[in-house]
Amino acid sequence: MFKNALLTLLLLGILCDTLPLAGEETSKESHPLPRTVAPGAKLTEEYAAKAFFEGPVWDPAGKKWYFTSFVDKDAQILRLDGEGKASVWLDKTKGINGTYLSNEGNMLGAQAYGQHVMSYGFGESGPSKTTVIAANPKWNQPNDVCQTPNGNIYFTDPDFKNRKTSAVYVRTTDGTVKKIITEMPVPNGVIAANDGKTLYVGDSHEKLWRSYPILEDGTVGEGQVFFDPETKRKDSPDGMSIDAEGNLYLSGRGGVWVASRSGKSLGLIPVPEFCSNVSFGGVDGKTLLLTCANKVYSLKMKVPGGQYR
């Protein structure tokens with residue numbers, strides 16, 4: 001996100017009062033609820049405040065949810081301590097946006113204003129260990145991050161303003177950072193397939209999602225359009241997640257779309273506010289946490305997340 005969260009929302013065209021609710025019909029469109037949602041499950045409001053929430057991640061050891069909160073010119077990482085209750089776990093994060101549970105059980109974070117990719121150990125009152133994974137003052141604003149089973153870390157660096165210097169990078173296990181995707185105008189959310197062989201990236205300018213085969217050296221081959229749903233909703237694609245079956249959970253374009261690994265739509269989870277990101281967690285891995293503008297929701301699922309297979 002930009003240094004001013006409100007400006008970011010305006011530029012991306014996702015302010016709630018400028019768009020109809022995700023559940024409202026803008027035409028005669030009708031999209032089924034994905035079969036992966038638990039029978040009878042409904043969105044449960046977990047937390048609300050005047051902030052733009054992002055970066056949900058579950059700590060399996062501490063059994064707690066964490067998410068980022070943008071207010072004015074900086075961001076915090078909050079811990080959900082109960083329904084309607086959250087505490088500041090890390091203040092003045094320099095714009096930690098997207099997060100991801102690392103293979104080692106730490107929180108990876110894309111730091112927008114500091115131009116870093118960070119790793120935080122889960123501690124009771126704050127990070128037990130803080131490590132800089134990658135850094136470059138010339139980056140625009142690292143936005144989202146994920147990791148493959150072999151340890152490689154992928155992150156997006158969108159150029160929201162000019163759409164000229166956007167890129168996706170990989171940080172391989174030997175510490176080398178490589179620019180691997182440059183043709184996307186505004187790469188935003190990123191996630192890898194459970195087997196580490198495909199990288200999925202959403203584009204906030206083209207309003208769709210692309211997929212890239214991951215090569216042995218961590219770079220990627222030629223990409224293709226993976227998902228572009230049949231809907232007139234044009235709010236920007238943002239963060240994403242994946243379940244144990246390999247289905248993708250894609251925030252943007254009217255809510256959270258669920259697409260099969262072949263790119264077929266399995267339906268739409270309608271969300272009243274703009275949904276910025278989603279992540280699986282909970283004690284059985286079958287809870288989906290959705291971060292939104294001013295709200296954080298949970299939703300019970302039939303399937304666990306990809307990291308809980």
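Position labels on residues start from 1 in each chain and follow its written sequence. Since the coordinates come from a predicted model, pLDDT governs what is reported: local features require at least 70, and pairs of side-chain atoms require 80 or more to be given and counted, while whole-chain, interface and lining totals use all residues. Values reported for side chains reflect all heavy atoms of the structure, with hydrogen atoms and water molecules removed beforehand.

(A) Representation of the nonpolar core. By nonpolar core we mean a set of buried residues, namely Ala, Val, Leu, Ile, Met, Phe, Trp, Tyr and Cys, connected to one another through side-chain atoms within 4.5 Å. Burial classes follow relative accessibility: with a 1.4 Å probe on protein chains only, a residue under 20% of its type's maximum area counts as buried, one over 50% as exposed, and anything between as partly exposed. Counting 38 residues, the largest nonpolar core has Ile181 and Leu199 as the members making the most contacts within it. Secondary structure elements follow DSSP: runs of H or I no shorter than four residues count as helices, runs of E no shorter than two count as strands, and numbering proceeds from the N terminus. With four residues, strand β11 (residues 167-171) is the largest single contributor of residues to this core. The contact rule is simple, with two residues in contact once any of their heavy atoms fall within 4.5 Å. In this view, Ile181 contacts Ser166, Ala167, Val168, Leu199, Val201, Tyr212 and Val220; residues no more than four positions away in its chain are not counted. Grouped together as the second largest cluster of nonpolar side chains are 19 residues, Ile269, Val271, Cys275 and Cys292 included.

(B) Highlighting the environment of Asn294. Checked against the element boundaries, Asn294 lands in strand β22 (residues 287-300). For Asn294, a relative accessible area of 35% translates into the label partly exposed.

(C) Representation of the pattern of salt bridges in the model. A pair is scored as a salt bridge if a Lys or Arg side-chain nitrogen falls within 4 Å of a carboxyl oxygen belonging to Asp or Glu. If you walk through the whole model with that rule in mind, you get nine salt bridges. The closest approach of N and O atoms between Arg79 and Asp81, which form a salt bridge, is 2.8 Å. Residue class for Arg79 comes out buried when judged on its relative accessible area of 11%. Here Asp235 makes a salt bridge to Arg233, at a shortest N to O gap of 3.5 Å. Per residue, the accessibility class of Asp235 equals that of Arg233, and both read buried. Through salt bridges that share partners, Lys64, Arg79, Asp81 and Glu124 make up one connected network.

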